[in-house]
Amino acid sequence: MAKASAKITTSSTAEYFSKNLQQVGFSSSVKAVLTTLKEAVDNALDACEEHDILPEVEIWVEKLGSGSLKNSDKIRIRVLDNGPGIDPEDIPKVFGEYLASSKFGRGRCSRGQQGIGISAATTWAQLTNATGARVVSKTKNMRKAVSCVVEVDIKNNRGNLKVKETIDWDRPNGTSVEFVIDGRIQLNGEAGLLNYLSGTTLVNPHLTLHYNLPTATNEEGAKAMERTTVERVSNVIPAIPDATEPHPHTMKLGEFIAHSHLFGRVKVSAWLKKGFSRVHEGTLKELVTIGGVKKGVLDKNVDAMNETEFKDLFTAIQNIPLMAPSTKSVLSIGEEALSKSIGRLGAVDFFSVVTRKPTICDFKPVEVEVAIARLEDKSIESESSVQVLRFANRVPLQFDKAACAIVQAIQTVNWRAYGLGQPKDALPLGPYIVAVSVVSPFIKFKNASKETVDASDELVEEIRRALIQAGQRLSKHIRREHKANELEEKIRHIEQFGPILVEGLARITQAPDSRKKKAEEGLLKLLGREARDAEAQLKDAESVLSAHQAKTKGAGTVVEGSDGVPVTIEADDDVIDVDTLVKGTGKEAAKKASKSSGGSAKGAPAKAPAKGAKASSGKKPKIIVSKKEKSKQAEA
Ligand SMILES: Nc1ncnc2c1ncn2[C@@H]1O[C@H](COP(=O)(O)OP(=O)(O)OP(=O)(O)O)[C@@H](O)[C@H]1O
Ligand SMILES: [Mg+2]
């Protein structure tokens, strides 16, 4: 007898995700902590930006004991923001319902896109510690705050509120969300919390962040909590540009049909013009004349279209040449803000930032920005790879880096040409941080946990170009540094050996004092020529510098960004040159440099002597100068 066919059942979205949390970032104890934190911080920043609030976020990540899973700890994660707060009736949806989002498919450059993130964190807390998310929230219209625990009703994909009460809260508006989960705190390394936090502050110059982590050690030698504050370096809230409609050439047939349902009872022609970017009256005509679409189809109501008609229309529109989508919807951090923010990475003595113009890759608008910073701490192994910071829509990416478009682009650049070591087809070496940010309303991730940007040829090429621009600035700086160091070495040799040589020669030849004096003068002349050569080189360098300063209206702090927009430079190769030259060439240069720049550029974080510059040793270098220079100095 034939077996009865198996019973078909359906499951809710929550059921699916609760069984597949590894797909959305909960695949290890370390990742569970990072993902939970990241989802809550992303939401806080998105909410603040959307409501024109300068974000001030405080986080706590604390170990409470051992976890319920093997090899895991019980971790408390809390994120408190000064955002708009959440309407009490939305709280169960936000934290307990999958695919509930204010951002889904909007085509804007927000960090969140799917409506999965924070509900997945609630589910993880529920599965590992039997409690959901503890939420306190207040909008500015509320006198008291709502405090509650939200749990995911996994069978029905719904949020359930528990222990709901109203409480006094000493802030006008904001949200606090707390999870107790199984996880493991990893502070250092690429996947570490500190890396995540420094990345977050780098690409969010307008964020003030307080973080409480077990970084201190108490009297018993155990880990103790320590509060650190990173102040904002910019008061400009990034304006997230309006969304652009999707471009028909970026859609699949299913998406095309689903898109039509958003428009209800409108004519196909109206839907096409309203619902897509780059579709105009002329396009509709071409659909009929070139694409072979019947005029009657365009006049039909969208909801009266059958599948074949949709399919024919879709094929026709794919074959019509359309303008690439507009790039207006992308957002950039900006060279100025990045320059200010870079000091938050630690002590750096050189950096270069590049903001590319928005462009189209794979028919989607995208903007790439690159910052390369050289760390002051040269004790870092010069044989170890540079530290790579990857960002997608201003969110740090910390896992699965090999497949990422950003890493692939870095590896394809020939860094040896810019003075860095680099094994074949690998990351460059040395005490550098290479940060790459990709912003797009339609970032294509390789997976739902948003850890890797898909490496399409066009995107890799665009990132490569940005890296090459930044690399060229870096190499210019390294070359100048080498030159200044050589000059310094020469002068030091002259100082050291000149007088000894004269003394020795006079002794050997038992020359009378008059002869010794003559020899001294002769040698001085000889050395003077050397010194003059050196000074000539210095003067050349200085005149280039002053010409540049004159060009930039004397202030020496405004230069042209890569996109032609003036940018205030906080520390770049032009500014550091002053330092390098001063340190490399003694009194005269110091005198000139202090005259021309007031010592150092405004707010420049890069103050350390250039690598190898030794003139700042306690002993004052004796400089041999030409008579002309001597008289100038005497005048001064
Ligand atoms: N701290 C907060 N303040 C104000 N609104 C918030 C906050 N956290 C979440 N929300 C609201 O809840 C919605 C759902 O958040 P959730 O993280 O689940 O999805 P998302 O951020 O839209 O997308 P993603 O799944 O990619 O993170 C958000 O779209 C936002 O409207
Ligand atoms: Mg989110």
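Residues numbered from 1 in each chain as written. Chains lettered and ligands numbered in written order. Predicted model: local features only at pLDDT ≥ 70, side-chain atom pairs only at ≥ 80, totals over all residues.

Topic: the overall build of the protein
- A count of helices and strands for the protein gives 16 helices and 16 strands.
- The contacts of the protein with a sequence gap of at least 6 include a subset with a gap of at least 24, amounting to 74%. (Helix = DSSP H or I, 4+ residues; strand = E, 2+ residues; numbered from the N terminus. Contact = placed C-beta atoms within 7 Å.)

Some details on the environment of Val-149
- Of note, Val-149 is situated in strand β4 (residues 145-153).
- Separated by 54 residues in sequence, Val-149 and Phe-95 have C-alpha atoms that sit 9.5 Å apart.
- Leaving out residues up to four positions away in the same chain, Val-149 has contacts with Thr-131, Gly-132, Ala-133, Arg-134, Lys-162 and Val-163.

Quick look at the confidence of the model for the protein
- Predicted confidence across the protein gives a mean pLDDT of 80, with 80% of residues reaching 70 or more.
- Here strand β15 (residues 558-560) stands out as the element of the protein with the lowest mean pLDDT, 31, in contrast to strand β3 (residues 133-138), whose mean of 98 is the highest.
- Long-range and interchain partners of residues 553-636, a stretch whose pLDDT sits below 50, account for 142 contacts in this model, where long-range means more than four residues apart. (pLDDT = per-residue confidence, 0-100.)

Quick notes on the nonpolar core
- Of all hydrophobic cores here, the largest spans 56 residues; its most connected members are Val-370, Ala-373, Ile-406 and Ile-463.
- Each of two domains, domain 1 (13-230) and domain 3 (335-472), supplies a minimum of three residues to this core.
- Other than its neighbours up to four places away in sequence, Ala-373 contacts Ile-342, Leu-345, Val-348, Phe-351, Tyr-432 and Ile-433.
- Leu-37, Ile-91, Tyr-98 and Phe-179 belong to the second largest nonpolar core, which has 52 residues in total. (Core = buried A, V, L, I, M, F, W, Y, C linked by C-beta atoms within 7 Å. Buried ≥ 20, exposed ≤ 12 C-beta atoms within 10 Å, placed from the backbone. Domains from an automatic or database assignment.)

Notes on the sheet that holds strand β1 (residues 56-66)
- The strand order across the open sheet formed by eight strands is β5-β4-β3-β6-β2-β1-β7-β8, and the pairing between neighbours is mixed. The open sheet terminates on both sides in strands that have one partner only, identified here as β5 (158-167) and β8 (223-230). The mean inter-strand angle of the sheet, taken between neighbouring strand axes irrespective of direction, is 20 degrees.
- Here five bridges tie β3 to strand β6 (residues 174-183), and the two strands are oriented antiparallel to one another. Bridging from a neighbouring strand, Val-136 pairs with Ser-176 of β6.
- Packed onto the sheet, helix α4 (residues 117-129) meets β2 (73-81), β3, β4 and β6 and runs at close to 45 degrees relative to β6.
- In the packing of helix α5 (residues 193-203) onto the sheet, contacts are made with β1, β7 (208-217) and β8, and the angle to β7 comes to roughly 160 degrees. (Pairing = 2+ DSSP bridges. Axes fitted to C-alpha atoms, helices over the stretch in contact; angles between N-to-C directions.)

Section: α5
- With respect to burial, α5 is a largely interior element, nine of its 11 residues being buried.
- The complete set of buried residues in α5 reads Leu-193, Tyr-196, Leu-197, Ser-198, Gly-199, Thr-200, Thr-201, Leu-202 and Val-203.

Re the pairing of strand β11 (residues 364-375)
- For β11, a buried count of 12 out of 12 residues is recorded, marking the element as mostly surrounded by other parts of the structure.
- Across the two faces of β11 the burial is the same, with Lys-364, Val-366, Val-368, Val-370, Ile-372 and Arg-374 and Pro-365, Glu-367, Glu-369, Ala-371, Ala-373 and Leu-375 all buried.
- Where strand β9 (residues 348-355) and β11 come together, seven bridges link them in antiparallel fashion. Residue pairing in the sheet places Val-354 in a bridge with Val-370 of β11.
- Count of turn residues in the strand β10 (residues 359-361)/β11 antiparallel hairpin: two residues, of which Asp-362 carries a positive phi of about 50 degrees.

What about the packing of helix α2 (residues 29-50) against α4?
- One way to put it is that α2 packs onto α4 with a least axis distance of 9 Å and a crossing angle of 140 degrees. Relative to α4, the element α2 lies oblique. Considering how the two elements wind past one another, α2 and α4 form a crossing that is left-handed. Here α2 contributes Ala-32, Thr-36, Glu-39, Ala-40, Asp-42 and Asn-43 to the contact with α4, which in turn contributes Gly-117, Ile-118, Ala-121 and Trp-124. (Parallel < 35°, antiparallel > 145°, perpendicular 65-115°, else oblique. Left-handed = near helix turned anticlockwise from the far one by under 90°.)

A closer look at the packing of helix α6 (residues 253-261) against helix α10 (residues 307-319)
- It is at 10 Å that the axes of α6 and α10 come closest, and there the two elements cross at 115 degrees. It follows that α6 is roughly perpendicular to α10 by the angle criterion. Crossing hand, α6 versus α10: right-handed. Of α10, the residues touching α6 (which contributes Leu-253, Phe-256 and Ile-257) are Phe-310, Lys-311 and Phe-314.
- By residue class, the composition of the contact of α6 with α10 is five nonpolar, no polar and one charged. (Nonpolar A, V, L, I, M, F, W, Y, C, P; charged D, E, K, R; others polar.)

As for unusual backbone geometry
- Unlike most non-glycine residues, Asn-393 shows phi in positive territory, near 45 degrees.
- Mapping Asn-393 onto the fold places it in the loop between β12 (387-392) and β13 (395-397).
- Despite not being glycine, Asp-425 has its phi angle at roughly 50 degrees, a positive value.
- Classification of Asp-425 by C-beta neighbours within 10 Å gives exposed; the count is 8.

Comments concerning the pairing of β12
- For β12, a buried count of five out of six residues is recorded, marking the element as mostly surrounded by other parts of the structure.
- Relative to strand β14 (residues 432-439), β12 is paired through six bridges, and the arrangement is parallel. Of the residues in β14, the one forming a bridge with Gln-387 is Ile-433.

Details of the environment of Asp-454
- Mapped onto the elements of the fold, Asp-454 is located in the loop between β14 and α13 (457-508).
- Every residue in contact with Asp-454, bar those within four places of it in the chain, is listed here: Ala-405, Lys-444, Phe-445 and Lys-446.

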